[in-house]
Amino acid sequence: MTGPSGREGAARRAEELRALIARHRKLYYVDDAPEIADAEYDALERELLAIETEFPDLATEDSPTRRVGGEPAAAFETWRHRAPLLSLDNAYSEEELREWEDRLSKALDGARAGYVVEPKIDGLSISAIWRGGVLDRGVTRGDGRVGEDVTTNVRTIRSIPLRLADPIPYLEARGEVFLPRAAFEDLNRQREEAGEPPFANPRNAAAGSVRLLDPRVTASRRLDCIFYVAAVVEGREAPATHWEGLALLRGAGLRTNPRNRRCRDLEEVLRAIEELREERHALPYEIDGAVVKVDPLALQARAGGTSKFPRWAVAFKYPAEQATTRVRAIVVQVGRTGVLTPVAELDPVSLAGTTVSRATLHNEDEVRRKDVRVGDTVFLEKAGEVIPRVVSVVLPKRPQDAVPFAMPGSCPACGAAVAREEGEVASRCTGASCPSKRRETLLHFASRGGMDIQGLGEALVDQLLAGNLVRDVADLYALAPEPLAALARMGEKSAKNLLDEIEASKALPLHRVLFGLGIRQVGERAARDLAAAFESMDGIEAAPVERLQEVPEIGPKTAAAIRLFFDQPGNRALVRRLAEAGVNMRAEAAPAAGPPAESPFAGKTVVLTGTLPARSRGEAKEAIERLGGRVASSVSAKTDLVVAGEDAGSKLDRARLLGIRVIGPEEFEAALAKAGAKR
Ligand code: IVH
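Since the model is a prediction, treat every value here as computed from it, not as a measurement.

1. Let's talk about the overall build of the chain
Point 1. Regarding its fold elements, the chain presents 24 helices and 22 strands.
Point 2. A burial count over the chain gives 48% of its 679 residues as buried.
Point 3. Counting contacts in the chain only where the partners sit at least 6 residues apart, residues at least 24 apart contribute 68% of the total.
Point 4. A total of about 31700 Å² of accessible surface is found on the chain, and carbon and sulfur atoms cover 51% of it.
Point 5. One way to put it: in the chain the 96 positive side-chain charges average out to a point 1 Å from where the 102 negative ones average out.

2. Focus: the environment of Ile 660
Point 1. Looking at where Ile 660 falls in the secondary structure, it is placed in the loop between helix 23 (650-657) and strand 22 (661-663).
Point 2. Counting along the chain gives 47 residues from Ile 660 to Pro 613, while the straight-line C-alpha distance between them is 22 Å.

3. Notes on helix 13 (residues 458-466)
Point 1. Every buried residue of helix 13 is listed here: Leu 460, Val 461, Gln 463 and Leu 464. Around the axis of helix 13, the buried residues are gathered within 160° of arc, so they sit on the same side. In helix 13, the exposed residues that point more than 90 degrees away from the buried face are Ala 459 and Ala 466.
Point 2. With its phi angle positive at about 60°, Asn 468 sits one or two positions after the end of helix 13.

4. Some thoughts on the pairing of strand 14 (residues 354-360)
Point 1. Two elements, strand 13 (residues 339-351) and strand 14, share six bridges in a ladder whose sense is antiparallel. Counterpart to Val 343 in the pairing with strand 14 is Thr 360.
Point 2. What sits between strand 13 and strand 14 in their antiparallel hairpin is a turn of two residues, with Ala 352 showing a positive phi close to 50°.

5. Quick look at the sheet that holds strand 5 (residues 134-140)
Point 1. Ordered in space as 5-4-7-8, the four strands form an open sheet in which the pairing is antiparallel. Two strands bound the open sheet, and with one partner strand each, they are strand 5 and strand 8 (224-234). Pairs of neighbouring strands in the sheet enclose a mean axial angle of 25°, with direction left out of account.
Point 2. With eight bridges joining them, strand 4 (residues 124-131) and strand 7 (residues 170-178) adopt antiparallel strand pairing. Its bridge partner lying in strand 7, Ser 125 is registered against Glu 176.
Point 3. Packing of helix 8 (residues 242-251) onto the sheet brings it into contact with strand 7 and strand 8, and relative to strand 8 it is tilted by some 110°.

6. Some points on the environment of Ala 113
Point 1. Residue position: Ala 113 is located in the loop between helix 3 (94-107) and strand 3 (115-121).
Point 2. What makes Ala 113 buried here is its relative accessible area of 11%.
Point 3. Sequence-distant contacts of Ala 113, that is, excluding residues within four places in its chain, are made with Leu 108, Arg 264, Val 294 and Leu 299.

7. A few points about the side chain of Thr 341
Point 1. As for its position among the elements, Thr 341 is in strand 13.
Point 2. Setting aside its immediate chain neighbours within four residues, Thr 341 contacts Glu 192, Val 331, Val 332, Gln 333, Thr 360 and His 362.

8. Digging into the pattern of salt bridges
Point 1. Applying the stated criterion across every chain, the model contains 60 salt bridges.
Point 2. In this structure, Glu 267 and Arg 98 form a salt bridge, with 3.1 Å as the shortest nitrogen-oxygen distance. With Glu 267 in helix 9 (residues 266-279) and Arg 98 in helix 3, this residue pair connects regions lying 169 residues apart in the sequence.
Point 3. Overall, the relative accessible area of 30% leaves Arg 98 in the partly exposed class.
Point 4. Between Asp 149 and Arg 137 there is a salt bridge, with its nearest N and O atoms 2.6 Å apart. Here Asp 149, found in the loop between strand 6 (146-148) and helix 4 (151-154), pairs with Arg 137, found in strand 5; they are twelve residues apart in sequence, far enough to count as distant.

9. Some thoughts on the nonpolar core
Point 1. Ile 453, Leu 476, Leu 530 and Leu 578 are the most contacted members of the largest nonpolar core, which has 52 residues in total.
Point 2. For this core, the secondary structure elements donating two or more residues are helix 12 (438-446), helix 13, helix 15 (491-505), helix 16 (510-516), helix 17 (524-534), helix 18 (537-542), helix 20 (556-567) and helix 21 (569-580).
Point 3. Ranked by residues supplied to this core, first place goes to helix 17 with five residues.
Point 4. Not counting the four nearest positions on each side in its chain, Leu 530 is found in contact with Leu 514, Val 522, Glu 535, Ile 540, Leu 548, Val 551, Ile 554 and Ile 562.
Point 5. Membership of the second largest hydrophobic core comes to 34 residues, among which are Ile 126, Ile 160, Leu 223 and Leu 249.

10. Digging into the environment of Arg 103
Point 1. Along the chain, the position of Arg 103 falls in helix 3.
Point 2. Classification of Arg 103 as partly exposed rests on a relative accessible area of 42%.
Point 3. For the pair Arg 103 and Trp 312, spaced 209 residues apart in the sequence, the C-alpha separation amounts to 9.7 Å.
Point 4. Discounting residues that sit within four places of it in the chain, Arg 103 has contacts with Asp 89 and Arg 311.

11. A few points about the packing of aromatic side chains
Point 1. A full pass over the atoms with the stated rule returns seven aromatic pairs.
Point 2. Look at Trp 100 and Tyr 115: their rings are 5.8 Å apart centre to centre, the planes differ by 50°, and that puts the pair in the tilted class. You can see Trp 100 sitting in helix 3 and its partner Tyr 115 sitting in strand 3, a full 15 residues away along the chain.
Point 3. On the basis of relative accessibility, which here comes to 3%, the residue Trp 100 falls in the buried class.
Point 4. Between Arg 82 and the ring centre of Tyr 170, over which it is positioned, the NZ or CZ distance is 4.6 Å.

12. With respect to the site of the ligand
Point 1. Around the ligand, the surrounding shell holds 13 residues, and the nearest of these are Glu 118, Ser 125, Glu 176, Tyr 228 and Lys 293.
Point 2. A distance of 3.4 Å separates a nitrogen atom of the ligand from a polar atom in the backbone of Ile 121.
Point 3. For the ligand, a nitrogen atom lies 2.9 Å from a polar atom in the side chain of Lys 293.
Point 4. Starting from 520 Å² of accessible surface for the ligand in isolation, the protein chains cover 87%.
Point 5. Those elements giving two or more residues to the shell around the ligand turn out to be strand 3 and strand 10 (287-294).
Point 6. When residues of the shell around the ligand are assigned to their parent elements, the largest contribution, four residues, is made by strand 3.
Point 7. Tallied by class, residues from the shell around the ligand come to eight nonpolar, one polar and four charged.

13. Brief notes about the side chain of Glu 268
Point 1. The residue Glu 268 is located in helix 9 in this model.
Point 2. According to the relative accessible area criterion, Glu 268 is buried, its value standing at 17%.
Point 3. For Glu 268, the residues in contact, after removing those within four places along its chain, are Arg 262 and Cys 263.

14. A closer look at unusual backbone geometry
Point 1. Its identity is not glycine, yet His 362 carries a phi of approximately 65°, on the positive side.
Point 2. Here His 362 lies in the loop between strand 14 and helix 11 (364-370).
Point 3. Positive phi outside glycine occurs at Glu 553, with the angle close to 80°.
Point 4. The exposure class assigned to Glu 553 is exposed, which follows from its relative accessible area of 69%.

The rules behind each value
- Residues numbered from 1 in each chain as written.
- Predicted model: local features only at pLDDT ≥ 70, side-chain atom pairs only at ≥ 80, totals over all residues.
- Heavy atoms only, no water.
- Helix = DSSP H or I, 4+ residues; strand = E, 2+ residues; numbered from the N terminus.
- Buried < 20%, exposed > 50% of the residue type's maximum accessible area, 1.4 Å probe, protein only.
- Contact = heavy atoms within 4.5 Å.
- Areas by Shrake-Rupley, 256 points an atom, 1.4 Å probe, with all protein chains shown as cover.
- Lys, Arg positive; Asp, Glu negative; His and termini not counted.
- Charge placed at Lys NZ, Arg CZ, Asp CG, Glu CD.
- Arc of directions from axis to C-beta.
- Pairing = 2+ DSSP bridges.
- Axes fitted to C-alpha atoms, helices over the stretch in contact; angles between N-to-C directions.
- Salt bridge = Lys/Arg side-chain N within 4 Å of Asp/Glu carboxyl O.
- Core = buried A, V, L, I, M, F, W, Y, C linked by side-chain atoms within 4.5 Å.
- Phe/Tyr/Trp six-rings, centres within 6.5 Å; stacked < 30°, edge-to-face > 60°.
- Lys NZ or Arg CZ within 6 Å of the ring centre and 35° of its normal.
- Near = heavy atom within 4 Å.
- Polar contact = N/O pair within 3.5 Å; in protein donor to acceptor, adjacent residues only side chain to side chain.
- Nonpolar A, V, L, I, M, F, W, Y, C, P; charged D, E, K, R; others polar.

Here is the structure:
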């Protein structure tokens, strides 16, 4: 598919796809009326990405595929805003709101204005600029005059169009970037499991995410954006009111808030604020108030403002909601990655629209700092944050016999030792068969750097666990074909493929198993070093800390983690079962000093298909990897080479279709021999 006709066809299809994608994203994000399923939309984006990967020159600035993949920056450039991004004065009561209107009315010489009331989302304000309808820049507020150019990160936010539905020659819109409640909760859960401090509220999380130097991380955060003002419009008739400005943004494909209300006077404003207060907890994002704005732009201009605040708008802040209740118990939960989290179980109390009966206490340090004890009466608050927070203990109400909290020494789920590493806040379970982390452990074991069992992904691991077919990684080697084939979406052929993969993994050298066990601190590099130094699993298992530390690159922290791992009887039993199943526990013969220069596989993505007469799949894979290549499971535009053995099927057809180089077993063996790969 490299000829001129292939390229022309691809260019035409790419244009078509971009138009389709633009249409469906507007239907989804702006009109809230999707016509296709999320999966179909994703398929469109993936198809475009495949074309652009094959023909990089066809990728345009506004291609939806440009949302991800930018390289991390060293720092952000600064950017001077054309019009400053002002902040808002606050009002905390009806009375203060009336005072605001009085001041406004004076500035307007008594002219009466209509208003718009909008939810005040608690996020990070940004200014986005489109030139000729193409997203040109995204900038943070900064100090209001000069902000940071965060364009690459802003591009990753799906609700911000890279191309406008209406190509306004110049548009500058301001809006709030935020993390929806659900995404915020997920992110914090992940952070706690990884032993990282959780974000205090969605605003911090959004601001932190937009200001990450690595846009790939930003892209993973599920940020959203709602625009609230058309700040500069050129080449189009300018709107006469704020409300019309919002309509213009919507017409261009920007998302605005459907909860915005147009009000004739302050009485209607007060009603709108009250309605919003009642609804606020049902919104998919946190709000900390309502913004009231003068609607006619001519009156906004006449009202003017101070250097900090405009006089034509004000933020009405809802008070933080608070409650007190009693701590019934402090339980310790074990997360997916083995992190132990203390959670306060509370007498149920109504707070901010929900009944609260639990509150996370995050970690050991946090419980100590607040000194929360069972029996204590605690003060809860829910303001910007989604999850209720234990603010403090009401000390006068503390029962006399209350004792300080202590983290358990053994895992509540499996009984293995609990360890807290130096410099970390998280306490973790060290058992490799702990039921709480089964899923993660299995996935890690099967991962590319581990046993590389292709096909054993999240969906299948979940099925295996649900069907009670495996409990730990050693069980994989006892899997029988029939129960496997009986799983949903499996069938005999996939079952056989998986069992072949599992079988092939047995031949992998020691460092792969070692890494696959998921010992804390032991990454691929450390696993290689350990395997080279000890040559066998037994050697590592028996080595005292001092001996482990003699291995270059293995520091005291890693040595201690390894020792602790093998000190757990459960972990030793697991390793023994793996060895009994036939998993290789010895290091590869001669440690390769990196791929030889003439390696035909260096930097190449290779797909293996069919049966090779001379070596098993695992051996072939290992040989290619040793020579600097990567083995992938499916043929795509990114594939460089396909090795086709006997009975090669659809992968071979696809490789031919894509014009990818295909070699047979003899040519493969010859290439390996030339590059000096031993069997
Ligand atoms: S208007 C001069 N509208 O609140 C007008 N701001 O406290 C300035 N915010 O920096 C902003 N939702 O980050 C406006 N619907 C909304 C808003 C909103 C949230 C934020 C924005 C601003 C801050 C001011």
